[in-house]
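Okay, here's what each chain looks like letter by letter:
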Amino acid sequence: MDEKIKNPAPARAAVEEAGKVALKDLDVQGITALVVSLAEKPFRARQIAEWLFQHNVSSFEQMTNLPKAFRDKLRQHALIDTLSPAYEQRSQTDGTRKFLFRLRDGLKIESVLMFDEERVTLCISTQVGCALDCRFCATGLMGLQRHLTPGEIIDQVLLSERIAGVRITNLVVMGMGEPLHNYDNLMQALSVLTSPQGFALSKKRVVVSTSGLVAKIERLIAEGRKYRLAISLNATTDAMRSKLMPVNQRWPISELLAAARNYADASKTRITIEYVLLDGMNDTPEDARRLMKLVTGLRCKVNLIPYNTTYREFARPAEERILRFYREMKNCPVPVTIRWSKGRDIDAACGQLITKEQGT
Ligand code: SAH
Ligand code: SF4
């Protein structure tokens, strides 16, 4: 049974905070400019960043090495948290926790906290909804409502840590939205989260998942980003992939996998190929053999993800079908794993809880 916990915290009153700047939306230069505009010395910016990202404080009072008068001024002009907790579901089977966060304009997003041996992994969202319209995806159904700001992306990490009282060791950008569609805000957020002066996560422990925006993958390469990349392939023919994922009409499989190869070479990392198994759509033995061919020669691993809901014409394949697909790939030259999803007793696939709440 699910344990559903209503969070009693009231919605943050956006009106009270009108005109204030969210500190976590700013980069180092931005915080420095704010500090200077409030007639303080630039080095205070570094102190503020330490309080925000290393000590994860929720109030200006906690910033004890700042003069009191400066803290008061900051309180008038700036705010610390961009999100407030709205709801939580906790899995009774594996401890997975799903948080629903309220943004200051009242919209909501989801983050999922997962525990796996010594790893504590948070799955974060980058947009409210998504424009990419993949036919099987609950978030796609919402359409794109808006991009998240850098502060809203960062705060999912900071608030989840505060609520759960844990240290997050790994980040997967696989929640609501297409991360590379919100490229600039995501890159600003990830810079803070991986900077030694910021949240100090290793870049190797950050996975960005994309449905295949090839131009943005090329931009990641050009900018020398070193995050791990996951690609949602989900089909082995262009006909099927275009049906499931309209983005394939713009960038077909061959172009996507060429970009994946370039990324793996440039970043010297191994790509993850994600493949959601949809009953009767993309889960035949021929699909398994074609998938094996597509990934041969690519520095990657394959994650088979049994679809975890029933929705429109889509269903999860029966277990023996899933295992048959897996066995068909036994000679695959790259590692293949089945991701039996975490938190199956809660609505842990991103977009599911929110669409349920909204009754869509
Ligand atoms: N937009 C990005 C990241 C978010 S979706 C992307 O598409 O990669 C993260 C992953 O969840 C994708 O691989 C997507 O194919 C998969 N997914 C979406 N809905 C799912 C569901 N109901 N069950 C299992 N996987 C799902
Ligand atoms: Fe967007 Fe990813 Fe869902 Fe496709 S699978 S609609 S890209 S969130």
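Note that the coordinates shown come from a computational prediction; the quantities given were computed from them, not determined experimentally. (Residues numbered from 1 in each chain as written. Chains lettered and ligands numbered in written order. Predicted model: local features only at pLDDT ≥ 70, side-chain atom pairs only at ≥ 80, totals over all residues. Heavy atoms only, no water.)

Before going further, it helps to spend a moment on the domain arrangement of the protein chain. Structurally, the protein chain comprises domain 1 (16-79) and domain 2 (83-358). Between domain 1 and domain 2, the C-alpha centre-to-centre distance is 33 Å. The interface of domain 1 with domain 2 comprises 13 residues on the first partner and 16 residues on the second. Summing the contributions of domain 1 and of domain 2, the shared interface buries around 1,200 Å²; its carbon and sulfur component is 45%. When the area that domain 1 buries against domain 2 is broken down by residue, the three leading residues are K24, F53 and N56, summing to 50%. For the pair domain 1 and domain 2, the number of links is 10 residue pairs in polar contact (both at pLDDT 80 or more). For the side of domain 1 that touches domain 2, the leading source of residues is helix 2 (residues 43-54), giving three residues. (Domains from an automatic or database assignment. Contact = heavy atoms within 4.5 Å. Buried area = accessible area lost by both parts, 1.4 Å probe. Polar contact = N/O pair within 3.5 Å; in protein donor to acceptor, adjacent residues only side chain to side chain. Helix = DSSP H or I, 4+ residues; strand = E, 2+ residues; numbered from the N terminus.)

Once that is clear, we can look at the site of ligand 2. All residues in the neighbourhood of ligand 2 are listed as C130, L132, D133, C134, C137, G140, G177, E178 and S211. Of the residues belonging to the shell around ligand 2, the class tally is four nonpolar, three polar and two charged. (Near = heavy atom within 4 Å. Nonpolar A, V, L, I, M, F, W, Y, C, P; charged D, E, K, R; others polar.)

Among the 18 residues in the neighbourhood of ligand 1, the closest are listed as G177, S209, S232, N234 and N308. A distance of 2.9 Å separates a nitrogen atom of ligand 1 from a polar atom in the backbone of G177. One nitrogen or oxygen atom from the side chain of S232 is found 2.6 Å from an oxygen atom belonging to ligand 1. Looking at the shell around ligand 1, the elements with two or more residues in it are strand 11 (206-210) and strand 13 (271-277). Partitioned by chemical class, the residues of the shell around ligand 1 number six nonpolar, 10 polar and two charged.

What follows is about helix 6 (residues 183-194). Between the first and last C-alpha of helix 6 there are 16 Å, a value that for 12 residues agrees with the 16 Å anticipated at 1.5 Å per step. Of all the residues in helix 6, the buried ones are Y183, L186, M187, A189, L190, V192, L193 and T194. Summarising the contacts, the buried residues of helix 6 are in contact with helix 2, helix 5 (150-164), strand 10 (170-173), strand 11 and helix 7 (214-222). (Expected span 1.5 Å × (residues − 1). Buried < 20%, exposed > 50% of the residue type's maximum accessible area, 1.4 Å probe, protein only.)

Its boundaries defined by the atoms lining it, the second largest pocket holds a volume of some 260 Å³. Lining of the second largest pocket is provided by 15 residues; of these, V28, A49, V192, S195 and Q197 occupy positions nearest its centre. Breaking the lining of the second largest pocket down by element, the ones donating at least two residues are helix 1 (28-37), helix 2 and helix 6. Per-element accounting of the lining of the second largest pocket gives the leading share, five residues, to helix 2. The residue inventory of the lining of the second largest pocket, partitioned by class, reads seven nonpolar, five polar and three charged. Per-domain counts for the lining of the second largest pocket show at least three residues from each of domain 1 (16-79) and domain 2 (83-358). (1 Å grid on protein atoms, 1.4 Å probe; cavity = no way out; pocket = protein on both sides within 12 Å on 5 of 7 lines; lining within 4 Å. Points joined across faces, edges and corners; volume = space filled by probe spheres on them.)

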